Protein chains: 6
Amino acid sequence: MNELTHFNAQGQAHMVDVGNKSTTHRVAVAEGRIEMQPDTLAKVLQGNHKKGDVLGIARIAGIMAAKKTADLIPLCHPLALTRVDIALTPLAEANAIHCRATVETHGQTGVEMEALTAVQISLLTIYDMCKAVDKGMSMEGICLLQKTGGKSDNWKRTADSN
Amino acid sequence: MNELTHFNAQGQAHMVDVGNKSTTHRVAVAEGRIEMQPDTLAKVLQGNHKKGDVLGIARIAGIMAAKKTADLIPLCHPLALTRVDIALTPLAEANAIHCRATVETHGQTGVEMEALTAVQISLLTIYDMCKAVDKGMSMEGICLLQKTGGKSDNWKRTADSN
Amino acid sequence: MNELTHFNAQGQAHMVDVGNKSTTHRVAVAEGRIEMQPDTLAKVLQGNHKKGDVLGIARIAGIMAAKKTADLIPLCHPLALTRVDIALTPLAEANAIHCRATVETHGQTGVEMEALTAVQISLLTIYDMCKAVDKGMSMEGICLLQKTGGKSDNWKRTADSN
Amino acid sequence: MNELTHFNAQGQAHMVDVGNKSTTHRVAVAEGRIEMQPDTLAKVLQGNHKKGDVLGIARIAGIMAAKKTADLIPLCHPLALTRVDIALTPLAEANAIHCRATVETHGQTGVEMEALTAVQISLLTIYDMCKAVDKGMSMEGICLLQKTGGKSDNWKRTADSN
Amino acid sequence: MNELTHFNAQGQAHMVDVGNKSTTHRVAVAEGRIEMQPDTLAKVLQGNHKKGDVLGIARIAGIMAAKKTADLIPLCHPLALTRVDIALTPLAEANAIHCRATVETHGQTGVEMEALTAVQISLLTIYDMCKAVDKGMSMEGICLLQKTGGKSDNWKRTADSN
Amino acid sequence: MNELTHFNAQGQAHMVDVGNKSTTHRVAVAEGRIEMQPDTLAKVLQGNHKKGDVLGIARIAGIMAAKKTADLIPLCHPLALTRVDIALTPLAEANAIHCRATVETHGQTGVEMEALTAVQISLLTIYDMCKAVDKGMSMEGICLLQKTGGKSDNWKRTADSN
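Residues numbered from 1 in each chain as written. Chains lettered and ligands numbered in written order. Predicted model: local features only at pLDDT ≥ 70, side-chain atom pairs only at ≥ 80, totals over all residues. Heavy atoms only, no water.

An unreviewed UniProt entry lists chain A under the name Cyclic pyranopterin monophosphate synthase, with Thiothrix nivea as the source organism. We quote the UniProt Catalytic activity (unreviewed entry) comment for chain A here in full: "(8S)-3',8-cyclo-7,8-dihydroguanosine 5'-triphosphate = cyclic pyranopterin phosphate + diphosphate". Per UniProt, chain A carries the Function (unreviewed entry) text "Catalyzes the conversion of (8S)-3',8-cyclo-7,8-dihydroguanosine 5'-triphosphate to cyclic pyranopterin monophosphate (cPMP)." (UniProt positions renumbered as here; feature names shortened; annotations may be inferred.)

Now the structure itself:
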C-alpha cells in the first residue's frame, strides 16, 4: 500500500482533508547552513557589525517566505502563522552560516513546511548577496529538527533520522 | 573594501543598477538532492510509475517557483525567463533524489537565483509529499553548477569551488 | 431594492461583513468541461498513461488556484481551505474533459468561488498544454453544483437552475 | 509522436524555450459569457447605470488577472503586457453578459493565455457579485477568437474550430 | 530599554508571538487624502457620475490591497479579514479626495496595518489614474483614527496624537 | 473632453496601449515622510546604530514593494525594473523620517508608480515596527519629485506643483 497521503486511492494528488484535525498549538523547528569561502564569511561578518547587513536582510527574507509557503508548495494548506523566528549564526570553523527557523501556529495542520521554507529562502538570500564574490557557496543539511502539537506523536530528530 | 555589491558606499542595501548591462542570452544550471530512507525512495519510485506522481508534481512546483524568484529574494531583479527545465533523478545507492534545474533568459542580469530557487522548491515539494512517512529527510548540496552569458567571465563549478 | 450584497446603500462596493456568521463546515462542488478535437483528446489520454501528464498538471494548477481565489476575485474573503479535490474525467463521446472540484473549509463564509476558480484554472491549464495542436478548444458549462454549510439553506443545482 | 510541446522527449513537463523566437507585436482576443436568470441581469444592468457597478469591477478584475497569468498557469512564460482591454456587453435575449478580452505584448511568445484568463476571471467576478441572488449562473463558450504575431501563421476562429 | 516589540533581546527582527493573544473582534479605521489641482478634481468628479469611474476603481484597489498586507509588510501576521469598507469623499474646498478605510477581523492581532495599506493603495490608484493630467498630486495625513478589540486599551486619535 | 487616459471613449477602464512607445531609459524619484513623537524617533535611531534595525527593514520592504506595483495598482503595466534605491533620513527637528526612492527601468512606460509605492511601503513598515510605542504617527508629503525618459517632456516638481 502506498502511504503517501497526498494521493488518493487512484494515485491522484489532492490537498488532504484536515477539517477533522483539532486546532492546537503547533511548533516546528528546522535548520540548514550555507558553506562559503573564508573570505566571504569575513565579509559577511564585517558587514553585520558595520555596514551591509547581510544577515539582517536574510532574516527578513526568511520570515516573508514562511508566509508564502502555501503559495510555493502545491499541496500545502494555507495557515495563519502566529510566530516566526529565525536565528542566523556564523560557524567560524566550518566557514558557514547556520540558520534555524522556528514557526508556530494555532491551527489544524503542522508548520514543518513553513519552517523549512524559511530556512531555504534565508540561506538563498545570503547566497544572492554574496554571489558577486563567491559563486561556489553550497547549502547543506536543510532538515526538520522537531515538531510538536497535533494528534500524531511529537517528533524530534535523532541520530537515526537520516 | 567591501565588495558585496548589494550594498552602497554607506552599507545600505539597494537593488543594483543593471541598466547598463547588455541584453544577452544567459543560462544558469543548479543542482541539489534530498536524502531519504530507502523505503521512502521506493514509495516515490513506485508512485512515479504507477500512481502518485511525486516527481511530476515536484517538477511543476520548481518551474513555478523559478517564476517567483524576484518575489522571494529581496534584491533580485525581475526577469522574463525564456526557459525552465528541471530533471529529477533517483540515486538508488545514495537513497536520494537529485534535482538539476536549467534556467535561461535574454536579459540584463543572470538567472543563478532562479535556478537555485527551482532546485530548492522542487526538493521541498518532495519533502512535503513524503513527510507523512519520513520526517527525517534532508536536503544537501544545493549549489550552482555553471552560468554563461553576460559580461563577466563564464563560471563553472570545479573541485575548488567549495 | 437591489439585493446584490457586495454593494452598500450608496451602491459602493465593499467586502461584506462576515464577522457575525458562524464558523461551520462548508463544502462547495463546481464543474465544467473543455471541448476539443478528437485527436487532441487522444493525445491527452495517451500522455496520461505513458508520458506528458496533462491531467496531472491541470489538477495541481487547479489546487493552487483555489488558494489564490481571494487574490483574484476583488470582494472575496480570504479563507483557510481544509481540503481541495479535483477530478478530471475524459468524456470520449463528447470529445471533452470534465472537471469537478470539491473545496472545504471550516470558516465564516462559503467556498463556492474557490471551487469555481479551481475548475477554471484546471481547464485553462489543459488549454495551455494542448494549444500547440488545437487552438479552437472551448470551455463550457462552468457552474456550481452544490454548496452545504452556513446559515442559508443548502443549495443544489436542479434542472431549473439555469 | 506526441506533439504536445510542453513535454520533452521523456514526457516530462518543462517551460519550453522561447529564447530563439523573435520579439514581435502579438495580439490575442478571447471571449466567453455568463448566463443568468432574467432578474439577475436586470439587477446588474440597473446597477451599472445607477449604483453597484458590477461590470466595472469585473473589468478591473479581468485586467488584473491577465497580469497574473504566469502565476496561475504552470508552464506559461512571464510576459510584459502592453495593453489589456475588456468589453462586457449585456445580451438581453440570451440573459447573459458577454466578455471579450484583447491583450497585446511585444514579446517572444503569444498572449492567448492572458486573454483567456482575463475572460474567465471577469466572468467569475460577475458570478461572485451576483451569487447572493442567483447561484445557478453558468459560464459558457470561453474560447480564443484570434491571435496575430509570431512566426506561426495567424489564427482566427472559424465555424470549423470546434 | 528598547520597547520596539518587533525585535528580540539581541535586536534581531522576528514576527512576534501572538499565539497567546485572545481571538476577539478587532476593528481599525484609518484615513488619508490626496491633494490635486482643482481641474483634476473636477475631472474625477465628472467621471464619477458619468464615465471613467476613478473612485470606484480606487475603492477596489484598496480592498484588494488590504488582503495583501502581510505580503507587503515584512513582520505583519497573516489575518483572515471579515470586512473591508472604503469611503472616498471629495473635499471641494481642499481640492482633495479623502479616504477612510475600516477593516475588521476576528483574530489574534489587530488590523491597523490592513486599514493603512488600504488607504495608501486607494490614494495611489487615484494618483495613477490622474497622473496624465496632474503629476504634482501629493498624499497627506495618512494615519490611524482608531482601533478597538484586543487586550490592550482601545485607542482613538486625539488632538495630542501627533 | 475627459483626458484621463485610463478610460476609453465609453468611460471604461483599460490598461492603455504602450506598445508604440519607445523603449528608453526612464527614471522616477519620489519622496514622503513619517512624523512621530520625539521619543519614537529616538528609539528608531538608537536601534539603527545598535540593534533593531528599523530603517534597514523598511528599506527592504520598499524595494520589494516596488517590484509588486503592477500587482497592486489595477491599470499599471508590469515592468522589469533595473534599479531601486531607497534613502531613509531622520529629520531631527521635524521628528520625522524622510524617504526618497529612485527607480529606473529601460522600458516602454515610466516608473512613477513604482517609486511612489516604494515610498509608501517603506514608511508603512516604519509605522508597523514602531506602532507598539506610538500609534499616532502620520505619513505626509508623499509625492513625485521628478521623472525623466520617455517621449513626454521630463517633469520636475516646482513650487507650483501643488
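Moving on from the model shown.
Digging into the relation of the copies chain E and chain F
Superposing chain E onto chain F requires a rotation of 180° together with a translation of 0.0 Å along the rotation axis, leaving an RMSD of 0.0 Å. With respect to symmetry, the two chain copies, as superposed, fit the operation of a two-fold axis. Of every C-alpha in chain E, the one belonging to Glu140 of chain E sits nearest the axis of rotation, 2.2 Å from it. Same-surface contact between copies: 100% of interface residues of chain E are shared with the interface of chain F. (Least-squares fit on C-alpha atoms with pLDDT ≥ 70 in both. Contact = heavy atoms within 4.5 Å.)

Brief notes about the nonpolar core
Grouped together as the largest cluster of nonpolar side chains are 305 residues, with contacts concentrated most on Ile126 of chain A, Ile126 of chain B, Ile126 of chain C, Ile126 of chain D, Ile126 of chain E together with Ile126 of chain F. Discounting chain neighbours no more than four positions away, the residues touching Ile126 of chain F are Ile34, Met36, Val54, Leu55, Ala58, Leu88 and Ile97 of chain F. (Core = buried A, V, L, I, M, F, W, Y, C linked by side-chain atoms within 4.5 Å. Buried < 20%, exposed > 50% of the residue type's maximum accessible area, 1.4 Å probe, protein only.)

So, the pattern of salt bridges
Scanning all chains against the criterion turns up 36 salt bridges over all chains. Residue Asp71 of chain D is joined to Lys68 of chain C by a salt bridge in which the shortest nitrogen-to-oxygen separation is 3.6 Å. Of this pair, Asp71 of chain D sits in helix α3 (residues 69–72) while Lys68 of chain C sits in the loop between α2 (54–67) and α3 (69–72), each in a different chain. Assessed through its relative accessible area of 27%, Asp71 of chain D is described here as partly exposed. Looking at Lys68 of chain C, the relative accessible area reads 6%, which means it is buried. Residues Lys131 of chain E and Asp128 of chain E are paired through a salt bridge, measuring 2.9 Å at the closest nitrogen-oxygen approach. Side by side, Lys131 of chain E and Asp128 of chain E carry an identical accessibility label, which is buried. It is possible to trace a salt-bridge network through shared partners that takes in Lys68 of chain A, Asp71 of chain B, Asp71 of chain E together with Lys68 of chain F. (Salt bridge = Lys/Arg side-chain N within 4 Å of Asp/Glu carboxyl O. Helix = DSSP H or I, 4+ residues; strand = E, 2+ residues; numbered from the N terminus.)

Re the arrangement of the chains
Where chain A comes nearest to chain D, the C-alpha atoms are still 10 Å apart, and the two do not contact one another. A minimum C-alpha distance of 10 Å separates chain C and chain F, which share no contact.

So, the environment of Ala30 of chain D
All names here are of chain D. Its location among the elements puts Ala30 in strand β1 (residues 24–35). By relative accessible area, Ala30 is classed as buried at 0%. The spacing of Ala30 and Leu41 is 11 residues in sequence and 22 Å in space, taken between C-alpha atoms. Setting aside chain neighbours within four positions, we find Ala30 in contact with Cys99, Arg100, Ala101, Ala115, Leu116, Val119, Cys143, Leu144 and Leu145.

Here we look at the interface of chain E and chain F
Taken residue by residue, the interface counts 60 residues in chain E and 60 residues in chain F. Note on chain E versus chain F: buried area summed over both sides is about 5100 Å², and carbon and sulfur give 63% of it. Of all residues in chain E, Leu4, Gln120 and Lys135 of chain E give up the largest surface area on contact with chain F, accounting jointly for 12% of the area buried on that side. Applying the counting criterion to the chain E and chain F interface returns 2 salt bridges. At the junction of chain E and chain F, the tally comes to 11 residue pairs in polar contact (both at pLDDT 80 or more). Every element with two or more residues in the side of chain E that touches chain F is listed here: α1 (38–49), α2 (54–66), α3 (69–72), α4 (112–130) and β4 (138–148) of chain E. The greatest single-element share of the side of chain E that touches chain F, amounting to 12 residues, is contributed by α4 of chain E. A class-by-class count of the residues in the side of chain E that touches chain F yields 29 nonpolar, 17 polar and 14 charged. Here 4 bridges tie β4 of chain E to strand β4 (residues 138–148) of chain F, and the two strands are oriented antiparallel to one another. From the neighbouring strand, Ser138 of chain E faces β4 of chain F, where its bridge partner is Cys143 of chain F. (Buried area = accessible area lost by both parts, 1.4 Å probe. Polar contact = N/O pair within 3.5 Å; in protein donor to acceptor, adjacent residues only side chain to side chain. Nonpolar A, V, L, I, M, F, W, Y, C, P; charged D, E, K, R; others polar. Pairing = 2+ DSSP bridges.)

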